[in-house]
Amino acid sequence: MKLEHIGIAVKSLGVSDELFKKLLGKESYKKETVEREGVVTSFYGTGESKIELLEANNQESPISKFIDKKGEGIHHLAFGVENILEEVERLKKEGFQFISEEPKEGADNKLVVFLHPKSTNGVLVELCQEKQ
Ligand SMILES: C[C@H](C(=O)O)C(=O)SCCNC(=O)CCNC(=O)[C@H](O)C(C)(C)COP(=O)(O)OP(=O)(O)OC[C@H]1O[C@@H](n2cnc3c(N)ncnc32)[C@H](O)[C@@H]1OP(=O)(O)O
Ligand SMILES: [Co+2]
């Protein structure tokens with residue numbers, strides 16, 4: 001598995017894009033809304049992996065709940081896998097729990113699933129596979 005991206009929950013992409021543009025010395029290469037997840041994302045390439053800024057785009061969004069509870073900050077780690085269905089099966093056999101086992105369309109042309117943080121040491125983990 002390779003670290004595909006680090007998801008960071010932010011209140012406002014307008015503000016955080018300015019900050020990360022200065023911090024990383026580069027522009028975001030993609031902004032994309034993922035309605036189903038209730039997020040607007042903004043991606044920065046950082047070598048082998050990426051930074052994914054996430055702003056909530058509705059009240060029920062996991063990002064608004066997260067920020068209400070924990071404030072802005074690192075939200076999840078996403079790992080890139082070759083075959084997401086095989087990885088789900090492998091990890092289920094290892095006893096990991098999934099929020100939903102069914103891969104869904106994520107951002108940046110991926111299929112994604114999420115493991116439950118309670119079975120991953122309190123870290124929300126996303127698996128993503130390039131969509132063919
Ligand atoms: C599209 C794009 C992409 O890359 O493609 C994305 O990443 S979309 C990224 C946005 N989408 C997602 O995050 C989808 C997966 N997330 C979820 O389904 C949910 O956020 C969830 C199931 C992790 C938690 O939802 P919830 O309604 O249960 O919220 P709660 O606040 O009650 O959380 C239950 C327990 O999980 C903990 N918890 C919640 N969120 C996180 C998190 N991000 N990291 C670590 N722990 C977390 C809470 O502290 C709480 O622990 P305690 O009980 O100890 O207090
Ligand atoms: Co993500």
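In this text, all values refer to a predicted model and were calculated from it rather than measured experimentally.

### Here's the deal with the site of ligand 1
- In the vicinity of ligand 1, 22 residues are found, and the nearest of them are Glu37, Glu52, Lys65, Ala107 and Glu126.
- Contacts to ligand 1 include Glu37, whose side-chain N or O atom sits 2.9 Å from a nitrogen atom.
- Side-chain polar atom of Glu126 to an oxygen atom of ligand 1: 2.9 Å apart, as the coordinates give it.
- Across the complex, the protein chains shield 71% of the 1000 Å² of accessible surface that ligand 1 would expose by itself.
- Given that more than half its atoms are within 2 Å of the pocket grid, ligand 1 belongs to the largest pocket.
- Looking at the shell around ligand 1, the elements with two or more residues in it are β4 (49–56), α2 (62–70), β5 (73–80) and β7 (110–115).
- Top contributing element to the shell around ligand 1 by residue count: α2, with 5 residues.
- Partitioning the shell around ligand 1 into residue classes produces 10 nonpolar, 6 polar and 6 charged.

### Quick notes on the sheet that holds strand β1 (residues 2–9)
- Overall, mixed pairing links the 8 strands, which are arranged β2-β3-β4-β1-β5-β8-β7-β6 in an open sheet. Strand pairing shows two members of the sheet lacking a second neighbour, β2 (30–34) and β6 (98–105), which therefore form its edges. The mean angle between the axes of side-by-side strands here comes to 25°, regardless of whether they run parallel or antiparallel.
- Running over the sheet, helix α3 (residues 84–93) touches β6, β7 and β8 (125–130) and is turned about 175° from β6.

### So, the UniProt feature "domain: VOC" (unreviewed entry) in the protein chain
- When the UniProt feature table is mapped to this numbering, "domain: VOC" (unreviewed entry) covers residues 2–130.
- As annotated, residues 2–130 has a helix share of 24% and a strand share of 44%, and its two end C-alpha atoms lie 13 Å apart.

### So, the side chain of Glu87
- Tracing the sequence through the fold places Glu87 in helix α3.
- For Glu87, a relative accessible area of 17% translates into the label buried.

Analysis parameters
Residues numbered from 1 in each chain as written. Chains lettered and ligands numbered in written order. Predicted model: local features only at pLDDT ≥ 70, side-chain atom pairs only at ≥ 80, totals over all residues. Heavy atoms only, no water. Near = heavy atom within 4 Å. Polar contact = N/O pair within 3.5 Å; in protein donor to acceptor, adjacent residues only side chain to side chain. Areas by Shrake-Rupley, 256 points an atom, 1.4 Å probe, with all protein chains shown as cover. 1 Å grid on protein atoms, 1.4 Å probe; cavity = no way out; pocket = protein on both sides within 12 Å on 5 of 7 lines; lining within 4 Å. Sits in = over half its atoms within 2 Å of the grid points. Helix = DSSP H or I, 4+ residues; strand = E, 2+ residues; numbered from the N terminus. Nonpolar A, V, L, I, M, F, W, Y, C, P; charged D, E, K, R; others polar. Pairing = 2+ DSSP bridges. Axes fitted to C-alpha atoms, helices over the stretch in contact; angles between N-to-C directions. Contact = heavy atoms within 4.5 Å. UniProt positions renumbered as here; feature names shortened; annotations may be inferred. Buried < 20%, exposed > 50% of the residue type's maximum accessible area, 1.4 Å probe, protein only.

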